[in-house]
Structures are given as C-alpha cells and as structure tokens.
Amino acid sequence: MSGFFQTDLGIVILTLAESLALIVPLLIGVAYLTLFERKVMGAMQLRKGPNIVGPFGLWQPFADALKMLFKETIIPTGSDRLLFMIAPMITFGLAVVAWAVIPVNNHWAIADINVGILYLFAISSLGVYGIIIAGWASNSKYAFLGALRSAAQMVSYEVSMGFIIVTVLVCVGSLNLNDIVMAQRHVWFAIPLFPLFIIFFISGLAETNRAPFDLAEGESEIVAGFFVEYSAMSFALFFLGEYANMILISAMTTTLFLGGWLPLFHCAPFTWLPGPFWFLGKVLFCLFVFVWVRATLPRLRYDQLMALGWKVFLPITLVYLVAVAGVLEYLGWLPNA
C-alpha cells in the first residue's frame, strides 16, 4: 500500500513539475509580449516605445505588474461580488489550461492525448463564459453591451474555425496534435490549405478581440467594454488572458498549418536547430503579424464584422471542407480515422 501511495505522489510531483515548466515561461512570455507589442508598434509609428525602465525598457513589464499589484481593487455597488471576481480568473485560467495539449516538440506535451484538438477547441470555446459573466456581474450597461458584442463575435467566428479544424482532421485522420504535426513532414498545410490558413488566422484575431475586431472594447461607443468596471489585478488578469490567448492562437496556427516544430527545410543548416526553437520562431512570427495588423488596420463596424464571419468565412470554409474531402476520396487518399 505504501508503494501505491509513493507512486501516486511521484505522479503528482511530476505533473506539478511539468505544469510549472509550462506555466512559468508562459507567464514570462505574456509579460514580455506586452513589451514586444509596444516596441514593434513604436517602430512602425516612428517612435521609441518603452525605453526608461531598465536597459532598452526591459523591466517595463515588471513595473506594470507591480503597479497593478499595489492598486486597489474596486468592486462596483450593486454588482455580484462573487461572479465579478471569478470572471477574470475564468478567462485567464482557460487560456493557461489549454496549453496542456500543445506539443512543442515530438511528444513534448503535458497531456499527449488522442483527442487533443477536441480538447483545445472545447477549452477555447469556454472563454466566452468569462466575458459574459464579467459583463453581467458588473451591473453596468456598458459592460453588458461589451459582453454581448464579444460573445456574439466569438461564437460567430468559432463556427468557421471549427470547419477549418475539421478540414485539417480530414487530411490527417487523427485528433492527436502530434500526429497533425507529423503529417506535415513533406508539406505544411498552409500551402495546400492556404485560404483556410488565412481565414483561421483572421478568425483568431476575432476570437481574441484584437484589432481590427476589438469592437468589444469600443471606447468611442461603450467606454471600454466588458471590463470597464475592473481595476488592479482583476483587470490585469483580463489583460494577461487576452495576451495568453494570442500566444495560444499563434501556437494553434503553428501546429495546424506551419508544421509545428518541424524545420523549414529538411537539410542543414535548418536541421541543426532543435524543434522547440522552430516552434518558438513560428509562434513569434504569428505574434508579430498580430501586432502588425493592430498597427495597420482601423476598427471595423459591427455589421461588417458579422457579415464577414457569416457571409464570407462560413461559406468559404464549408465549401473548402466538402471540396477537400471529395478530392481526397476521389484520389483514395482519405485517411481512416
């Protein structure tokens, strides 16, 4: 019996160690993504960006974190206190737990499960609950309007993302993310499925409420959206959740379309770099495009946002899914799931 408990304790310790090995770099990455965004946007707008706190402004994220930590948390009168405080925890927590199935190298994942893509899609779909709860619990019409906007936006673009993911699964015949990456040994799916790759990335912008789809935070119309009543660390958790979701969408794009940890070409000097470096480089490229889009494009009107999702992306992804399945079946290449 003692050996049984020792085995269980070892599994718990190993799981905790793996979780910390993922969460700590992720939190540091989220912190420095804010600096990366401000530096890149500064360069695009011909200014310096943060450059005072530490050399080249490298300590700016920690200064921002300390400022948030020591601010007072203000809970509005008439709000649902419990739900008001839980909402940002849900948003940030879901952004972190989704990383459990993301492989950064061959079988390098906390949970290398056979339904990884299903788990990932389910967790990302739950993100809307944190936003709806925040908008309702704030007891503010502006927060509630922002939450309704964001919920409708996220649900609308999840439909197109779902069809795109199904198309990739039809090509692979497996729900395991490791198998999806290994299926791209010869050609990345971004090449044969290029329209879906672009639509998936644009839908990712809408899913994370990033420009030009940041209508949930329309300052000129609804003040600041669903987190208008939040302050201090509760606001910081929403902020961290948004940036963690940006990294997650970039990792999903890398895994589904850019070959994951696989190198650009299977020859020297590309094969000298280990897989995690390739994975990180592709994620950073996707994050750069996130920032580039924000610095370049103006915000859409809400009717344009919904029309793009339902009248353009949905028909294209549905037709592409049927076409890909038909071509694979005709050529006899349709894999057995």
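Quick note: structure is the one above.
All values reported here derive from a predicted model rather than from experimental measurement.

Caption draft 1: Region of the structure containing the packing of aromatic side chains. Evaluation of the coordinates by the stated rule reveals 13 aromatic pairs. An aromatic cluster of three or more residues is present, and its members are Phe194, Phe197, Phe200 and Phe257. Its guanidinium or amino end placed over the ring of Tyr243, Arg210 lies 5.6 Å from that ring's centre, counting from NZ or CZ.

Caption draft 2: Highlighting the nonpolar core. Counting residues in each nonpolar core, the largest one holds 66 residues, and the members touching the most others are Leu120, Ile180 and Phe257. Tallying contributions element by element places helix 9 (residues 232–257) first for this core, with 11 residues. The residues contacting Phe257, other than those within four sequence positions of it, are Ile164, Val168, Gln184, Trp188, Phe189, Ala190, Leu193, Leu196, Phe197 and Phe200. Judged by nonpolar contacts, the second largest core, of 14 residues, contains Val128, Ile131, Ala151 and Phe226.

Caption draft 3: Main features of helix 11 (residues 302–331). The end-to-end C-alpha distance of helix 11 is 42 Å, a good match for the 44 Å that 30 residues give at a rise of 1.5 Å each. The sharpest bend along helix 11 reaches about 35 degrees and sits at Phe313, with the proline Pro315 one to four residues further on. Those residues of helix 11 not exposed but buried are Leu305, Met306, Leu308, Gly309, Phe313, Leu314, Thr317, Leu321, Val324 and Leu328. Looking at the buried side of helix 11, the elements it contacts are helix 5 (141–172) and helix 7 (194–207). A positive phi of about 75 degrees marks Gly332, the residue just after helix 11.

Caption draft 4: Structural view of the side chain of Ser231. Counting through the fold element by element, Ser231 comes out in the loop between helix 8 (219–222) and helix 9. Within polar-contact distance, the side chain of Ser231 engages the backbone nitrogen of Ile74 at 3.1 Å. Apart from residues no more than four positions distant in its own chain, Ser231 is found in contact with Glu72, Thr73 and Ile74.

Caption draft 5: Quick peek at the environment of Leu177. Relative to the helices and strands, Leu177 resides in helix 6 (residues 177–182). Apart from the residues within four sequence positions on either side, Leu177 is in contact with Val101, Ile102, Pro103, Gly116, Ile117, Leu120 and Thr255.

Caption draft 6: Examining the pattern of salt bridges more closely. Scanning all chains against the criterion turns up six salt bridges. Between Arg210 and Glu242 there is a salt bridge; the shortest N-O distance is 3.3 Å. Separated by 32 residues along the polypeptide, Arg210 in the loop between helix 7 and helix 8 and Glu242 in helix 9 bring together distant segments of the chain. In this structure, Arg210 and Glu242 share a single accessibility class: buried. If you follow the salt bridges from partner to partner, you end up with Glu37, Arg210, Glu242 and Arg294 in one network.

Caption draft 7: Geometry of the layout of surface pockets. By volume, the largest pocket is sized at about 1,200 Å³. Of all the elements in the fold, those that place two or more residues in the lining of the largest pocket are helix 1 (2–44), helix 2 (60–69), helix 3 (81–97), helix 4 (116–137), helix 5 and helix 9. Examining the composition of the lining of the largest pocket, we find that 12 residues originate from one element, helix 9, more than from any other. Residue composition of the lining of the largest pocket, grouped by class: 26 nonpolar, nine polar and 13 charged. Considering only enclosed or pocket space, the second largest pocket measures out at about 690 Å³ in volume.

Procedures and definitions
Residues numbered from 1 in each chain as written. Predicted model: local features only at pLDDT ≥ 70, side-chain atom pairs only at ≥ 80, totals over all residues. Heavy atoms only, no water. Phe/Tyr/Trp six-rings, centres within 6.5 Å; stacked < 30°, edge-to-face > 60°. Lys NZ or Arg CZ within 6 Å of the ring centre and 35° of its normal. Core = buried A, V, L, I, M, F, W, Y, C linked by side-chain atoms within 4.5 Å. Buried < 20%, exposed > 50% of the residue type's maximum accessible area, 1.4 Å probe, protein only. Helix = DSSP H or I, 4+ residues; strand = E, 2+ residues; numbered from the N terminus. Contact = heavy atoms within 4.5 Å. Expected span 1.5 Å × (residues − 1). Bend = angle between axes of the 7 residues up to and from the residue. Polar contact = N/O pair within 3.5 Å; in protein donor to acceptor, adjacent residues only side chain to side chain. Salt bridge = Lys/Arg side-chain N within 4 Å of Asp/Glu carboxyl O. 1 Å grid on protein atoms, 1.4 Å probe; cavity = no way out; pocket = protein on both sides within 12 Å on 5 of 7 lines; lining within 4 Å. Points joined across faces, edges and corners; volume = space filled by probe spheres on them. Nonpolar A, V, L, I, M, F, W, Y, C, P; charged D, E, K, R; others polar.

Nothing here speaks to function; it is geometry throughout.
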